[in-house]
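Coordinate analysis (summary)
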Amino acid sequence: MYLPIATVENIVNELQKKNHRDTVFLLLIAENNSLAYSDLVEALNECQVTFFGAIFPALIYGNEKKNKGVIIHEFPKLTGPILIEGLDKEEFVLPSVQFEEALECGAKSAIMYIDGLTPNITPFFNKLYDNLSHTLDFFGGGAGSLSMQQQPCILSSRGLHQDAAIITFLDLDLDLGVKHGWSKAYGPIVITKGENNVVQELNWENAFEVYQRSLFELSGERVTKENFFETAKSFPFGVYKEGCEDIIRDPVRTNEAGDMIFVGAIPENSAINIMQGTTEELLKASWQAVEEALKDSRPVHCLVTDCISRFMYMGDKLQKELDVVNRMVQASNPDCILEGALTLGEISSFDGKYLEFLNKSIVIGNFYEKEFQK
């Protein structure tokens, strides 16, 4: 359900109407709210409500983009949400015992939201995969602000957190649809020096200078440090992945040294291409994603993460995407409403194999129970 006015009183009143003893509540919150988060956490804890959530640039409800308010979604409770903090530090620790307990309880899938601007997403995902994601399907996204300024954005029973992730395990099967629609336009180029989400050199030269020169050769566009974000949103990097779509990486800014900073890490020595797209191809990709997610099962819960920079590129065409995707979900199950967020990166068990942090992509998560399928 969607509440257009997100206040502590409104949220608590709605949750108290529910059978919250056997339910875990997902709260997707638009950043453009004047919500007292410490008061909200205190009130929900007093009511003994199990909840988790995150803050995003905007929300998706049905076929509408919402700049304010909160989406509240109910899931059958399996275990409590698990908070992982300290992702700005290389020595972060995973709560392996809690993971083992969730698997023992019969977890089949997981929802995860993460601070989309925390620096160690790739090492965290690698460690998480080694622990459990090869046995589970994951859906989720990166939380944060449209300003691209890092701030607390992950909500748990302990408060609001930065450099953190929260995971909730479910006794539900999950089918995923994952697409982006971007095509290779220039390259390949090699990342010859970089660390995590910072690329310092391309082909042994200053990263920004190579990108600047490459864009001009490709399109005649002159990217500068002043217009970097506005120009670069149309020319992301594609990291080569054998047998599947390239993983898109979004360049968001450059610094005085000419380093390029991305949403998500790019491993050193990776081969990348500069990508281009059209709104028609991006729309086609979104339809393919929802078809993939719904082809084998009828949704009971259908969530979406759609990249904020992808929306900024598409502009008004996002409405056409939401109209079609929501219509396809409703055709599969009239009682199921598409719900989700515009995110700073998308999370998926990519191609049924590895846990990936994506950019400029759309991920559809179809949660269901096999025994109740036709």
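Let me begin by describing the structure that accompanies this report. Just so it is clear, the model here is predicted, and its values are computed rather than measured. (Residues numbered from 1 in each chain as written. Predicted model: local features only at pLDDT ≥ 70, side-chain atom pairs only at ≥ 80, totals over all residues. Heavy atoms only, no water.)

Tallying secondary structure elements over the chain gives nine helices and 25 strands in all. When its C-alpha atoms are laid out on the principal axes, the chain stretches across 60 × 45 × 40 Å. Split into buried and exposed, the 374 residues of the chain put 57% on the buried side. Total accessible area computed for the chain in this model is approximately 15400 Å², and 45% of it derives from carbon and sulfur atoms. (Helix = DSSP H or I, 4+ residues; strand = E, 2+ residues; numbered from the N terminus. Buried < 20%, exposed > 50% of the residue type's maximum accessible area, 1.4 Å probe, protein only. Areas by Shrake-Rupley, 256 points an atom, 1.4 Å probe, with all protein chains shown as cover.)

There is a patch of like negative charges on the surface, built from Glu90, Glu91, Glu195 and Glu268. For glutamate 268, the position within the fold is in the loop between strand S19 (260-263) and strand S20 (271-276). Relative accessible area serves as the criterion here: at 40%, glutamate 268 is assigned to the partly exposed category. (Patch = residues over 30% accessible without salt bridge, like charges linked within 9 Å, V, L, I, M, F, W, Y side chains within 5 Å. Salt bridge = Lys/Arg side-chain N within 4 Å of Asp/Glu carboxyl O. Lys, Arg positive; Asp, Glu negative; His and termini not counted. Charge placed at Lys NZ, Arg CZ, Asp CG, Glu CD.)

We now examine unusual backbone geometry. Cis geometry is found at the peptide bond from glycine 187 to proline 188, where omega equals 10°. Position of proline 188 relative to the elements: it lies in strand S14 (residues 183-195). Despite not being glycine, glutamine 48 has its phi angle at roughly 60°, a positive value. Structurally, glutamine 48 is set in the loop between helix H2 (37-46) and strand S3 (50-56). Despite not being glycine, aspartate 163 has its phi angle at roughly 55°, a positive value. Looking at the element boundaries, aspartate 163 is found in the loop between strand S11 (159-161) and strand S12 (165-170).

Side-chain positions along a regular strand alternate between the two faces of the sheet. For strand S4 (residues 58-61) and strand S22 (residues 339-343), the ladder comprises four bridges, and the chain directions are antiparallel. Looking at the pairing, alanine 58 lines up with leucine 342 of S22. Here S4 pairs with strand S5 (residues 64-66) via three bridges, running antiparallel. Residue pairing for S5: tyrosine 61 is matched across the bridge by glutamate 64. In this antiparallel pair of consecutive strands, S4 and S5, the connection spans two residues, and glycine 62 shows a positive phi of 65°. (Pairing = 2+ DSSP bridges.)

On to the sheet that holds strand S10 (residues 154-156), then. One open sheet accounts for six strands, arranged S1-S6-S2-S3-S10-S11; its pairing is mixed. Pairing within the sheet leaves two strands with one partner each, and these edge strands are strand S1 (2-3) and S11. Note that strand S2 (residues 23-30) and S3 share seven bridges and pair parallel. Its bridge partner lying in S3, phenylalanine 25 is registered against phenylalanine 51. Most of the contacts of helix H1 (residues 8-16) go to strand S6 (residues 70-76), to which it runs at about 25°, and overall it touches S1, S2 and S6. (Contact = heavy atoms within 4.5 Å. Axes fitted to C-alpha atoms, helices over the stretch in contact; angles between N-to-C directions.)

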